[in-house]
Amino acid sequence: MELRQVRYFLAVADTGTFTAAADRLGIVQSAVSQQVARLEREVGTPLFDRSRRAPVLTAAGTRFLPAARALIVAEDAARRAARDGPEASRPLRLGVPGALFPATDGLAGVEIVSVASGQRQSWVAAGELDAAIVHGDDVRADLRSLPLPPDRVVAVVSQQHPLAERSRNAVDDLVSYPLIFAENALGSYLTRAVLRACRSAGFDPAVATVGAETGAVSAVRARPDSWSVFYAAQAALLRADELGVRFVPVVPALTVPTALVFRADAEHLGRQLVRALREK
């Protein structure tokens, strides 16, 4: 059992749906469903009844709920106990995309907070976070930023897609196939970057949208001639074979700038965090 799985279970229990839990965690809905299903396999019983419009806790899930909350409280207490006594300063709060959580977890003296992309900068400005990792180069005027290594973008296709067996795909190889985006991703830095890359290759892709509750993985699996995109860090969290898809690089390599944002009065803190993140 992983604490990440427990957090995902609690997010579903608290928000009432897998989609709302994914929004809270800042990750894709399929990742929440996958990790909760693994948790259920490990504990040996369903924790949610999925036969209704919204998931409902089973009797086992209801019994598990207080124990799950206790696990997270215990984790927080263990982190605090590992620091230098009761007088130690509070941990720095770093907001991250859900996909980057494994890459940032374990930073000494740093509390990792998974926050949706549209909220990270406002939380930093309001003092609810000390810093945040963001994709793209659109930084609020009242914040400062320092660059981090860019995040690669990969294509996701069904295992039945004509290009699935290639080790990589040129962007213009995808010209004949519809590009699928979740409705809540339209206008994001990722979607804008992919559309720019397509246009640079000389074509405008036929874009299809699906509801946020469907997710790109389910959509390309249901429509095997289509494709979508993921951040490589995000794709690394998913088991492609179990999901019936392939994650393949695109050429020329498509990357999205990544930065650490922080308040103007925290320049020293920002530089320390960037060094720590680059060393991981």
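Please refer to the structure placed before this passage.
So, here's what we can say about the structure. (Residues numbered from 1 in each chain as written. Predicted model: local features only at pLDDT ≥ 70, side-chain atom pairs only at ≥ 80, totals over all residues. Heavy atoms only, no water.)

### A word on the packing of helix 1 (residues 3-15) against helix 2 (residues 18-25)
Note the cut-off: Axis lines are fitted through C-alpha atoms, for helices just across the contact stretch, and the angle between N-to-C directions can take any value from 0 to 180 degrees. Here a strand is any run of E in DSSP of at least two residues, a helix any run of H or I of at least four, and the numbering for each starts at the N terminus. When describing relative orientation, an angle under 35 degrees is termed roughly parallel and one over 145 degrees roughly antiparallel, while 65 to 115 degrees is termed roughly perpendicular and anything else oblique. Should the near helix be turned anticlockwise from the far one by less than a right angle, the crossing is left-handed, and should it be turned clockwise, the crossing is right-handed. Contacts were defined at the residue level, with two residues in contact if any of their heavy atoms lie within 4.5 Å. Only Asp, Glu, Lys and Arg are considered charged in this grouping, and only Ala, Val, Leu, Ile, Met, Phe, Trp, Tyr, Cys and Pro are considered nonpolar; every other residue, Gly among them, is considered polar.
For the pair helix 1 and helix 2, the least separation of the axes is 8 Å and the interaxial angle reads 120°. Judged by the angle between their axes, helix 1 and helix 2 are oblique. With respect to the hand of their crossing, helix 1 and helix 2 are arranged in right-handed fashion. Residues Y8, A11, V12, D14 and T15 of helix 1 form the contact with helix 2, whose own contacting residues are F18, A20, A21, R24 and L25. When the residues that make up the contact of helix 1 with helix 2 are grouped by side-chain class, the tally is 7 nonpolar, 1 polar and 2 charged.

### Quick word on the environment of S33
Selection rule: Any residue under 20% of the maximum accessible area for its type is buried, any over 50% is exposed, and the rest in between are partly exposed; the area is computed with a 1.4 Å probe on protein chains only.
Its place among the elements puts S33 in helix 3 (residues 29-43). With relative accessibility at 25%, the residue S33 sits in the partly exposed group. In sequence terms S33 and A21 are 12 residues apart; their C-alpha atoms lie 9.7 Å from each other.

### Looking at the pattern of salt bridges
Pairing between side chains of opposite charge can happen when the charged atoms of each approach one another. Spelled out, the test is: Within this document, salt bridges are pairs made up of a side-chain nitrogen of Lys or Arg and a carboxyl oxygen of Asp or Glu, the two lying within 4 Å of each other.
Applying the stated criterion across every chain yields a total of 14 salt bridges. A salt bridge links D130 to R263; its shortest N-O distance comes to 4.0 Å. Highlighted residues: D130 in the loop between helix 6 (120-125) and strand 5 (131-135) and R263 in strand 12 (residues 255-263), separated in sequence by 133 residues. For D130, a relative accessible area of 6% gives the class buried.

### Considerations on the pairing of strand 11 (residues 245-251)
Here is the rule: Note: two strands are recorded as paired if DSSP finds a minimum of 2 bridges between them.
Direction of pairing for strand 6 (residues 143-158) relative to strand 11: antiparallel, over a ladder of 5 bridges. What sits directly across from A155, in strand 11, is V248. Where strand 7 (residues 169-170) meets strand 11, 2 bridges bridge the pair, whose relative direction is parallel. Paired with A170 across the bridge in strand 11 is V251.

### Some details on the environment of F247
Mapped onto the fold, F247 is located in strand 11. Remark: the alpha-carbon pair of F247 and S167, spanning 80 residues in sequence, is separated by 9.2 Å. Discounting residues that sit within four places of it in the chain, F247 has contacts with V154, A155, V156, F230, A235, L238 and A240.

### Side note on the nonpolar core
For clarity, the threshold we go by: Residue types Ala, Val, Leu, Ile, Met, Phe, Trp, Tyr and Cys, when buried and joined through side-chain atoms within 4.5 Å, form a set referred to as a nonpolar core.
In this structure, F9, V32 and F230 are the most contacted members of the largest nonpolar core, which totals 34 residues. Of all the secondary structure elements, the ones that give two or more residues to this core are helix 1, helix 2, helix 3, helix 4 (59-82), strand 6, helix 8 (216-222), helix 9 (232-235) and helix 10 (240-243). Sorting elements by how many residues they give to this core places helix 1 first, with 6 residues. Those residues within four positions of V32 in sequence are excluded, and the remaining contacts are Y8, V12, F18, A21, A22, L25 and I27.

### Points about helix 1
Keep this limit in mind: Each helix should span, by expectation, one fewer than its residue count multiplied by 1.5 Å.
Here helix 1 spans 18 Å end to end across 13 residues, near enough to the 18 Å set by a 1.5 Å rise per residue. All of the buried residues in helix 1 are R4, Q5, V6, Y8, F9, L10, A11 and V12. With its phi angle positive at about 95°, G16 sits one or two positions after the end of helix 1.

### Comments concerning the packing of aromatic side chains
Geometrically, a pair of aromatic rings is defined through the distance of the ring centres and the angle of the planes. Put simply, the test is: Paired rings are identified among Phe, Tyr and Trp, the last through its six-membered ring, by centres lying within 6.5 Å, and are further divided according to the angle between planes into stacked (under 30 degrees), edge-to-face (over 60) and tilted (the rest). The criterion for a charge sitting over a ring is simple: Lys NZ or Arg CZ within 6 Å of the ring centre, and within 35 degrees of the ring normal.
Across all of its chains, the model carries 4 aromatic pairs by this definition. Between F9 and F64 the ring centres are 5.1 Å apart and the planes differ by 75°, which places this aromatic pair in the edge-to-face class. Of this pair, F9 sits in helix 1 while F64 sits in helix 4, and the two are 55 residues apart along the sequence. In this pair, the class of F9 matches that of F64, namely buried. Here the aromatic rings of F18 and F48 are separated by 5.9 Å at their centres, their planes lie at 65°, and the arrangement is edge-to-face. Of the two residues, F18 is situated in helix 2 and F48 in strand 1 (residues 48-49); the sequence distance between them amounts to 30 residues. For the pair F18 and F48, one class covers both residues: buried. By way of ring pairs, the aromatic residues F9, F18, F48 and F64 are connected into one cluster. Just above the ring of Y189 sits the side chain of R196; from NZ or CZ to the centre is 5.6 Å.

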